[in-house]
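Fold and geometry: a report
Chain residues, written in single-letter form:
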Amino acid sequence: MSRIGKRPISIPNKVTITLDGQKVAVKGPKGELSRVIPAEIVMGLEGETLLVNRRDESRVARQLHGLCRTLVANMVEGVSQGFQRRLEIIGTGYRAQVQGRNLILNVGYSKPVEMPPPEGITMAVEGNTNVIVSGIDKELVGNTAARIRAVRPPEVYKGKGIRYSGEVVRRKAGKTGKTGKK
């Protein structure tokens, strides 16, 4: 049995879960999310907890068990608290700003890079170098943060670029000066 899959999901106050066949809808104070769960997985509500079980012991059902439990738990956490990813911009002259809803990145290219956020995602900038991506869908928040990081990933010689907050960039030693006869 999957260690993650057999753990029950506790439902906080102000969050309602609706099961309609294989469709799970979660509604909370921050918004509403829904997802279709594969047919190999069975869900059941018991009071203030949601249980995720598998129909049989097939290989596919065992593979999907922990995944589906984690996806639904992330939906519950997203509509109650929300998710956030922070990015840092490091480099001389590199900066970010929000114009309307769009994020404008000046990261060493000839023109600024303009990134419109997907529906349900908000972007904020602190101090020109810290970007905060937030929303209720964990997958969408992570994908948006990865797209922003991909504009100028951190390079290994000087460490310049866009990185996740707390990310450690392994630095390489540069070329050494040539010594000897001229």
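Structure first, text after, so check above.
Residues numbered from 1 in each chain as written. Predicted model: local features only at pLDDT ≥ 70, side-chain atom pairs only at ≥ 80, totals over all residues. Heavy atoms only, no water.

Moving on, we get to the pairing of strand E4 (residues 31-36). The sheet contact formed by strand E3 (residues 23-28) and E4 spans six bridges and is antiparallel. Residue Val 26 lies in a different strand from E4, and its bridge partner there is Leu 33. From the end of E3 to the start of E4, which pair antiparallel, there are two residues. (Pairing = 2+ DSSP bridges. Helix = DSSP H or I, 4+ residues; strand = E, 2+ residues; numbered from the N terminus.)

Moving on, we get to the sheet that holds strand E13 (residues 161-164). Working definition: the strands of a sheet are paired by backbone hydrogen bonds and lie parallel or antiparallel to each other. Ordered by their spatial adjacency, four strands build an open sheet running E11-E12-E7-E13, and the pairing between neighbours is antiparallel. One side of each edge strand has no neighbouring strand; the edge strands of this open sheet are strand E11 (121-126) and E13. Going across the sheet, the axis of each strand differs from the next one's by a mean of 25°, ignoring polarity. Here strand E7 (residues 83-90) runs beside E13; their pairing, made up of four bridges, is antiparallel. (Axes fitted to C-alpha atoms, helices over the stretch in contact; angles between N-to-C directions.)

With that settled, consider the pattern of salt bridges. A full pass over the atoms with the stated rule returns four salt bridges. Across the pair Glu 139 and Arg 35 runs a salt bridge, and its minimum N-O distance is 3.6 Å. With Glu 139 in helix H2 (residues 138-151) and Arg 35 in strand E4, the pair connects residues that are 104 residues apart, well separated along the chain. Ionic pairing is found between Glu 57 and Arg 54, a salt bridge with its closest N-O pair at 3.2 Å. Relative accessible area serves as the criterion here: at 53%, Glu 57 is assigned to the exposed category. Overall, Arg 54 belongs to the buried group, its relative accessible area being 12%. (Salt bridge = Lys/Arg side-chain N within 4 Å of Asp/Glu carboxyl O. Buried < 20%, exposed > 50% of the residue type's maximum accessible area, 1.4 Å probe, protein only.)

One pass over the full model with this rule turns up zero aromatic pairs. Residue placement shows Arg 85 over the ring face of Tyr 164; its charged tip is 4.3 Å from the ring centre. Cation over ring: Arg 152 sits above Tyr 109, and NZ or CZ is 4.2 Å from the ring centre. (Phe/Tyr/Trp six-rings, centres within 6.5 Å; stacked < 30°, edge-to-face > 60°. Lys NZ or Arg CZ within 6 Å of the ring centre and 35° of its normal.)

This part takes up the environment of Arg 54. By the secondary structure assignment, Arg 54 is in strand E6 (residues 49-54). Taking the C-alpha atoms as reference points, Arg 54 and Ile 41, 13 residues apart in sequence, are found 4.4 Å from one another. Side chain to side chain, Arg 54 and Glu 57 meet in a polar contact 3.2 Å long. A distance of 3.2 Å separates a polar atom in the side chain of Arg 54 from a polar atom in the side chain of His 65. (Polar contact = N/O pair within 3.5 Å; in protein donor to acceptor, adjacent residues only side chain to side chain.)

All right, on to unusual backbone geometry then. Among all residues except glycine, the phi angle is most often negative; among peptide bonds, the trans geometry is most common. For Lys 14, which is not a glycine, the phi torsion comes out positive at approximately 70°. Within the element layout of this structure, Lys 14 appears in the loop between strand E1 (9-10) and strand E2 (16-20). Backbone geometry places Asn 128, a non-glycine residue, at a positive phi of 65°. Assessed through its relative accessible area of 44%, Asn 128 is described here as partly exposed.

What follows deals with the nonpolar core. Counting residues in hydrophobic clusters, the biggest one holds 20 residues, and the most contacted among them are Val 26 and Met 43. Those elements that provide at least two residues to this core are E3, strand E5 (41-46), E6 and helix H1 (59-80). Ranked by residues supplied to this core, first place goes to H1 with seven residues. Formed by 19 residues, the second largest nonpolar core is a distinct cluster that contains Met 123, Val 131, Val 133 and Ile 148. (Core = buried A, V, L, I, M, F, W, Y, C linked by side-chain atoms within 4.5 Å.)

Everything listed here is a matter of geometry and, on its own, says nothing about what the molecule does.
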